[in-house]
Amino acid sequence: MASELTIALIGAGGLVGQVIIDCLQNSVKIKNSNIMFRFFTRETKLNSSYIINDKNVIIERFELSVLLNNFNYVLLATENDTSKEIIDYSNQHNLKTRFIDSSSQYRLDNSMPLVIPEVNPYDLQLNSNIISSPNCTTTFLVMLLAALTPLSSISRVIVSTYQSASGAGIKGLEELKQQTKDWSNDQPLKKDFWGKPLLFNVFSHNSTLQQNLYNSEEMKIINETRKILHKGNELKIVPTCIRVPVLTSHCESINIEFVNNLSKDEILKKLTNFPGISVMDKENDFPEPSKCSGKSDIYVGRIRPDLDMNANTDVTHFRYWNFFVCGDQLVKGSGLNSVQILEKLI
Ligand SMILES: NC(=O)c1ccc[n+]([C@@H]2O[C@H](COP(=O)([O-])OP(=O)(O)OC[C@H]3O[C@@H](n4cnc5c(N)ncnc54)[C@H](OP(=O)(O)O)[C@@H]3O)[C@@H](O)[C@H]2O)c1
């Protein structure tokens, strides 16, 4: 058997960390390998235990010095500042560890890969000790674009998102649940995290507004999509990111302007054959969070030509198409994607 690999997960008690553990437990590649895992947290889920490859792994308290174990790989399910602190420490101690980072800290650094294994696995060949997993809404959009690009170049995308509370981590999720209880008990809603009601409300994404009037979530969609697809500003992207009172799974309404005219049959064939995409496009059976949460695939439906923009084309082939996508942003949007990157590396 090959010599033992050592892999650590930091942030194991958080929402993404917990999904990573689940994906590691279910990974066929990991089942057949000789790996020693260690899981770390700050507080949440400290001392919880999990079985992986018939071995018991207990979540330990994280301290920077544990990195001196020189792990082969570290999966980071932490916020930007924590990921940076950990990687800075590793660099200062000349450690040879490779990091797979869920945060956005290094995603746009051109010397480091930003990878969706179904789309740009070749970028893993970049010589870098940090590999980033993309923003969740970006991943869903890019998978759709990558599936359809063999049919035609894409010139413009208009995307509106419907993003769930758990996209903001455990605190955002818990506060939506608490607001639901507060409302049922006729109590004032707790608003420490969201600052306002998310229950029975819809609002612009809670990330920082930039000088150009787009928020940082919207800018992530633009910049990360172009980086993963190796495109510049010739790929026009117009995003609007919205938070909705859903527990888990993000939806996206996507309008694509292609260069060529396409038929629905061609589109369906490409989507059906693309790994990680399921088509859900029957009458009144379309993607929605209650059907997609906990699933590995992203779901695509409501596949319709844009009638006004296509007025002068023939009746089967159109240049403008609409899609509605839904996926579990904790699974393919983050934890599963990180584990798939790890599977490609080991
Ligand atoms: N949520 C999503 O849908 C999603 C999607 C894509 C990417 N991401 C990214 O994935 C990362 C994790 O997100 P999340 O949603 O899982 O957040 P989360 O639920 O808030 O979990 C973050 C975890 O990190 C732990 N942590 C913080 N500082 C730590 C430290 N110094 N040492 C060890 N553990 C530490 C926290 O532990 P304590 O609870 O004990 O403080 C917490 O459990 C973030 O960068 C996020 O932007 C999230």
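Up top is the structure these notes are about.
All values reported here derive from a predicted model rather than from experimental measurement.

A. Structural view of the pattern of salt bridges. A complete count under the given rule lists 12 salt bridges for this structure. For the salt bridge of glutamate 224 with arginine 107, the shortest nitrogen-to-oxygen distance reads 3.1 Å. Taken together, the residues glutamate 224 in helix H6 (residues 216-229) and arginine 107 in the loop between strand E6 (98-101) and strand E7 (130-132) connect sequence positions 117 residues apart. When sorted by exposure, glutamate 224 lands in the same class as arginine 107, which is buried.

B. Geometry of the packing of helix H4 (residues 136-148) against H6. Viewed as axis vectors pointing N to C, H4 and H6 meet at an angle of 40 degrees, and their least axial separation amounts to 9 Å. Taken together, the axes of H4 and H6 are oblique relative to one another. Of the two possible hands of crossing, H4 and H6 adopt the one that is right-handed. Only Glu217, Lys220, Ile221, Glu224, Thr225, Ile228 and Leu229 of H6 make contact with H4, whose side of the interface consists of Thr137, Thr138, Leu141, Val142, Leu145 and Ala146. Looking at the contact of H4 with H6 residue by residue, the class counts come to 7 nonpolar, 3 polar and 3 charged.

C. Seen up close, the packing of aromatic side chains. Tallied over the entire structure, the rule returns 9 aromatic pairs. With centroids separated by 4.9 Å and ring planes inclined at 85 degrees, the aromatic side chains of phenylalanine 193 and tryptophan 194 adopt a geometry described as edge-to-face. Among the residues examined, tryptophan 194 registers a relative accessible area of 7% and is labelled buried. Between the aromatic rings of phenylalanine 318 and tryptophan 321, the centroid separation amounts to 5.7 Å while the plane-to-plane angle is 80 degrees, which identifies the pairing as edge-to-face. Using a relative accessible area of 13% as the deciding quantity, one classes phenylalanine 318 as buried. Taking the relative accessible area as the measure of exposure, tryptophan 321 reaches 2% and is therefore buried. Among the aromatic side chains, those forming a connected cluster through ring pairs are Phe37, Phe39 and Tyr50. We note lysine 196 situated over the ring of phenylalanine 203; from NZ or CZ to the ring centre the distance is 4.2 Å. When the ring centre of phenylalanine 286 is taken as reference, the NZ or CZ atom of arginine 302 above it lies at 5.2 Å.

Criteria and cut-off values
The numbering scheme is per chain: residues are counted from 1 as the chain's sequence reads. Only residues with pLDDT of 70 or above have their local features reported here, since the model is predicted, and side-chain atom pairs are shown and tallied only from 80 upward, although totals for entire chains, interfaces and linings are computed over all residues. Note that the side-chain values use all heavy atoms of the structure and ignore hydrogens as well as water. Salt bridge, as applied in this entry: a Lys or Arg side-chain nitrogen positioned within 4 Å of an Asp or Glu carboxyl oxygen. Only DSSP runs of H or I reaching four residues or more are called helices, and only runs of E reaching two or more are called strands; each is numbered from the N terminus. Exposed residues in this analysis have more than 50% of their type's maximum accessible area, buried residues have under 20%, and partly exposed residues fall in between, with area computed by a 1.4 Å probe over protein chains only. For helices, the fitted axis covers only the stretch in contact; all axes are lines through C-alpha atoms, and the angles between them, taken along N-to-C directions, range from 0 to 180 degrees. For classification purposes, an angle smaller than 35 degrees is called roughly parallel, one larger than 145 roughly antiparallel, one from 65 to 115 roughly perpendicular, and anything else oblique. When the near helix sits turned anticlockwise from the far one by under a right angle, the crossing is termed left-handed; a clockwise turn instead gives a right-handed crossing. What makes two residues a contact is simply this: any of their non-hydrogen atoms within 4.5 Å. The residue classification treats Ala, Val, Leu, Ile, Met, Phe, Trp, Tyr, Cys and Pro as nonpolar and Asp, Glu, Lys and Arg as charged. All others, Gly included, are polar. Ring pairs are drawn from Phe, Tyr and Trp, using the six-membered ring of Trp, whenever the two centres fall within 6.5 Å, and their geometry is named by plane angle: stacked under 30 degrees, edge-to-face over 60, tilted for the rest. Criterion for a charge above a ring: Lys NZ or Arg CZ within 6 Å of the ring centre, and within 35 degrees of the ring normal.

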